[in-house]
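# Residue-level structure breakdown
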Amino acid sequence: MYVCLCKAVTDKTIKQKVADGVSSMRELKMCTGVGSQCGKCTCQAQQILHNELVRLSNNQLELAQPAA
């Protein structure tokens, strides 16, 4: 789904950027241009970024647990 129509940024693009190491809106804006035109996408992009960071953090915690 397109999050930013002005720059043609999708939710998949945002998730891939987080997987590549992006961890803030500033970084996301620099590498994709999201939120740099009309700004209507900023809230949704921030939510996707946050959710993806939380998901990755939870996955890392699960991997760090010793096997039972």
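Chains are numbered independently. Their residues run from 1 in the order of the written sequence. Where local features are concerned, this predicted model is filtered to residues with pLDDT of at least 70; where side-chain atom pairs are given and counted, the filter is 80 or more; whole-chain, interface and lining totals use all residues. Side-chain figures throughout are based on the complete set of non-hydrogen atoms in the structure, without hydrogens or water.

## Thoughts on the pattern of salt bridges
What counts as a salt bridge is simple: a side-chain nitrogen of Lys or Arg found within 4 Å of a carboxyl oxygen of Asp or Glu. By the definition in use, this model includes one salt bridge. The partner of Glu52 in a salt bridge is Arg55, and the shortest N-O contact between them spans 2.5 Å. On the criterion of helical spacing, the pair formed by Glu52 and Arg55 is a turn pair, its members being three residues apart in helix α3 (residues 42-64). Only DSSP runs of H or I reaching four residues or more are called helices, and only runs of E reaching two or more are called strands; each is numbered from the N terminus.

## Considering the environment of Thr10
As for its placement among the helices and strands, Thr10 is situated in strand β2 (residues 9-10). In this structure, the C-alpha to C-alpha distance between Thr10 and Ala45, residues 35 residues apart in sequence, is 9.1 Å. Note on contacts: a residue pair is in contact if any heavy atoms of the two residues lie within 4.5 Å. The residues contacting Thr10, other than those within four sequence positions of it, are Met1, Tyr2 and Val3. Reaching out from Thr10, the side chain makes a polar contact with the side chain of Thr13 at a distance of 2.9 Å. For this analysis, a polar contact is any N or O atom pair within 3.5 Å, provided that within protein one partner can donate a hydrogen and the other can accept it, and provided that sequence-adjacent residues contribute only side-chain to side-chain pairs.

Purely geometric stuff here, so don't read any function into it on its own.
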